[in-house]
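Remarks on the overall topology
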Amino acid sequence: MTSDVKEIFSSDSPPAPAALAAKVRTLAPSMTRSMQLVAEAVAGDPAGCAALTVTGLAERTGTSEATVVRTARLLGYPGYRDLRLALAGLAAHQESGRAPAVTADIAVDDPIADVVAKLAYDEQQTLADTAAGLDTVQLGAAVAAASAARRIDIYGVGASSLVGQDLAQKLLRIGLIAHAHMDPHLAVTNAVQLRSGDVAIAITHSGSTGDVIEPLRVAFDHGATTIAITGRPDGPVSQYADHVLTTSTARESELRPAAMSSRTSQLLVVDCLFIGVAQRTYETAAPALAASYEALAHRHTPRTR
């Protein structure tokens with residue numbers, strides 16, 4: 001595992017036991033099949049797996065001891081011993097009868113005021129982590145390409161498609177030709193039309209979403225400048241990206257999965273990209289934005305009786 005990958009998956013402390021199941025769901029697409037077997041076993045039966053040695057878990061899952069250790073590290077634990085302790089803690093929590101956690105920090109019976117405060121804190125941390133990890137050189141190159149683009153295509157599915165639509169409508173309002181594609185078939189057929197001077201942007205938290213990677217690859221092969229917005233800069237999407245903008249890999253849990261935590265960081269990156277483009281194209285962007293406001297002004301005027 002490279003130093004970049006270690007940095008992505010490491011943290012100051014191992015992930016909270018309550019977040020383990022969601023962590024498995026988030027990382028499973030990037031795992032080998034043997035690692036998936038180990039991850040699914042520990043998430044599905046924490047008490048049973050906590051009682052097993054590394055050899056026992058390898059035998060139970062039909063894998064090797066090395067695979068068990070690699071899986072533990074990928075999940076954020078220094079080694080199997082640390083994962084085993086977390087599994088024991090999770091099992092004890094489940095058996096204690098305490099209110100179950102709906103996120104790593106929020107219990108099912110928390111007052112709504114506490115929910116608001118805890119989520120606000122998590123969002124702030126996600127934004128701070130994303131800002132700290134964002135490569136401004138890569139961002140500047142992406143801004144330059146998008147500012148000069150004849151056409152901008154944006155690919156995303158699920159929650160990432162909503163972020164893509166947000167970026168597309170922003171760019172349209174400053175006079176750029178931008179389209180967000182949610183349908184994977186239409187994404188590919190549009191990508192075929194791209195050429196040098198065009199820009200294609202893929203948004204995928206996992207970095208391994210096939211329906212997003214395929215149109216980006218087609219755009220890349222046809223000479224378009226390609227940009228990936230992803231939480232996994234080591235993922236398959238990056239091999240077809242001229243520029244990679246990294247989002248935070250925030251903590252996930254049962255009711256705060258990757259689709260929720262990644263959206264916050266993706267929106268920050270999208271806003272940074274948009275503002276950079278608006279700055280570089282200000283002479284045309286400002287009149288275009290004013291025209292769009294004027295065109296919609298009558299829809300915001302209160303009706304008189």
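Residues numbered from 1 in each chain as written. Predicted model: local features only at pLDDT ≥ 70, side-chain atom pairs only at ≥ 80, totals over all residues. Heavy atoms only, no water.

**What about the environment of leucine 171?**
Counted only if it meets this: Strands are runs of DSSP state E lasting at least 2 residues, helices are runs of H or I lasting at least 4, and numbering of each runs from the N terminus. Contact definition: two residues touch when any of their heavy atoms are within 4.5 Å.
Summarising the element assignment, leucine 171 is placed in helix H10 (residues 159-173). Leucine 171 sits 25 residues away from alanine 146 along the chain, and the two C-alpha atoms are 9.5 Å apart. Discounting residues that sit within four places of it in the chain, leucine 171 has contacts with Ile152, Leu176, Ala178, Phe274 and Val277.

**Description of the confidence of the model for the protein**
Our working definition: For every residue, the predictor reports its confidence as pLDDT, a number between 0 and 100.
With 82% of its residues at a pLDDT of at least 70, the protein reaches an overall mean of 84. Low pLDDT (under 50) marks residues 253-258, which in the prediction has 27 contacts with non-local residues, meaning those over four places away or in another chain.

**Overview of the nonpolar core**
As a rule of thumb, nonpolar side chains are buried together in soluble globular proteins. This is how it is decided: For this analysis, a nonpolar core means a set of buried residues of the types Ala, Val, Leu, Ile, Met, Phe, Trp, Tyr and Cys, connected via side-chain atoms within 4.5 Å. Using a 1.4 Å probe on the protein chains alone, a residue whose accessible area is under 20% of its type maximum counts as buried, one over 50% counts as exposed, and one in between counts as partly exposed.
With 29 residues, the main nonpolar core has Ile152, Leu167, Leu171, Ile174, Ile201 and Leu245 as its most contacted residues. Mapped by element, the contributors of at least two residues to this core are helix H9 (136-147), strand S1 (152-155), H10, strand S3 (199-204), strand S4 (225-230) and helix H13 (258-280). Sorting elements by how many residues they give to this core places H13 first, with 6 residues. Formed by 23 residues, the second largest nonpolar core is a distinct cluster that contains Val38, Val68, Ala72 and Ala86.

**Quick word on the sheet that holds S4**
Rule in force here: For two strands to be treated as a pair, DSSP must find at least two bridges joining them. Axis geometry follows a simple rule: fit a line to the C-alpha atoms, using only the stretch in contact for helices, then measure angles between N-to-C directions, giving values from 0 to 180 degrees.
Spatially, S2-S1-S3-S4-S5 is the arrangement adopted by the 5 strands of the open sheet, whose pairing is parallel. Of all the strands in the sheet, just strand S2 (178-181) and strand S5 (243-246) have a single pairing partner and so form its edges. Adjacent strand axes in the sheet meet at a mean angle of 15 degrees when their direction is disregarded. In the packing of H9 onto the sheet, contacts are made with S1, S3, S4 and S5, and the angle to S5 comes to roughly 120 degrees.

**Overview of the packing of aromatic side chains**
Where we set the bar: Planes of paired rings set the category: under 30 degrees apart is stacked, over 60 is edge-to-face and the rest tilted, where pairs are Phe, Tyr or Trp rings (Trp by its six-membered ring) whose centres lie within 6.5 Å.
This model, assessed by the stated rule, comprises 1 aromatic pair. Seen in terms of ring centroids, phenylalanine 220 and tyrosine 240 are 6.2 Å apart; in terms of plane orientation they differ by 65 degrees. Their pairing is edge-to-face. A residue pair is termed long-range when its members are at least 10 positions apart, and phenylalanine 220 in helix H12 (residues 210-221) and tyrosine 240 in the loop between S4 and S5 qualify at 20 residues.

**Structural notes on the pattern of salt bridges**
To keep it simple, the criterion reads: We define a salt bridge as a side-chain nitrogen of Lys or Arg found within 4 Å of a carboxyl oxygen belonging to Asp or Glu.
Across all of its chains, the model carries 7 salt bridges by this definition. In this structure, arginine 60 engages aspartate 45 in a salt bridge whose closest nitrogen and oxygen atoms are separated by 3.1 Å. One end of the pair, arginine 60, is in helix H5 (residues 54-61); the other, aspartate 45, is in the loop between helix H3 (33-44) and helix H4 (46-50), and 15 residues separate them in sequence. For arginine 60, a relative accessible area of 44% puts it in the partly exposed group. You can call aspartate 45 partly exposed: its relative accessible area is 27%. One salt bridge connects lysine 170 with aspartate 166, and the closest N-O pair in it is separated by 2.6 Å. Residue lysine 170 and its partner aspartate 166 are both found in helix H10; the two are separated by 4 residues, about one turn of the helix. Its relative accessible area of 18% is what places lysine 170 among the buried residues. A single salt-bridge network, built from bridges that share partners, covers Asp166, Lys170 and Asp271.

**So, the environment of threonine 32**
The criterion, for reference: Polar contact is the term for a pair of N or O atoms within 3.5 Å; when the atoms are in protein, one must be able to donate a hydrogen and the other to accept it, and sequence-neighboring residues count only if both atoms are side-chain atoms.
Here threonine 32 lies in the loop between helix H2 (20-27) and H3. Between the C-alpha atom of threonine 32 and that of threonine 71, which follows or precedes it by 39 residues, the distance is 9.5 Å. A distance of 3.2 Å separates a polar atom in the side chain of threonine 32 from a polar atom in the side chain of serine 34.

**Points about the packing of H3 against helix H6 (residues 65-74)**
Axes are the key here: two packed helices are described by the angle between their axes and the distance separating the axes. Short version of the rule: Small angles under 35 degrees read as roughly parallel and large ones over 145 as roughly antiparallel, with 65 to 115 read as roughly perpendicular and the rest as oblique.
For the pair H3 and H6, the least separation of the axes is 9 Å and the interaxial angle reads 70 degrees. By the angle between their directions, the pair H3 and H6 is classed as roughly perpendicular. Facing H3, whose interface residues are Ser34, Met35, Val38 and Ala39, H6 presents Thr67, Val68, Arg70, Thr71 and Leu74.

**Examining the pairing of S1**
Defined as follows: For crossovers, right-handed means that the path from the first strand over the helix to the second runs clockwise, given strands pointing away from the viewer.
Judged by which residues are buried, S1 turns out to be covered on both faces: Ile152 and Ile154 on one side and Asp153 and Tyr155 on the other are all buried. Here 4 bridges tie S1 to S2, and the two strands are oriented parallel to one another. The residue bridging aspartate 153 from the neighbouring strand is histidine 179, located in S2. In this fold, S1 hands off to H10, which returns the chain to S2; that crossover is right-handed. As judged from the 4 bridges shared by S1 and S3, these two strands associate in the parallel manner. Looking across to S3, one finds that aspartate 153 is bridged to alanine 200.

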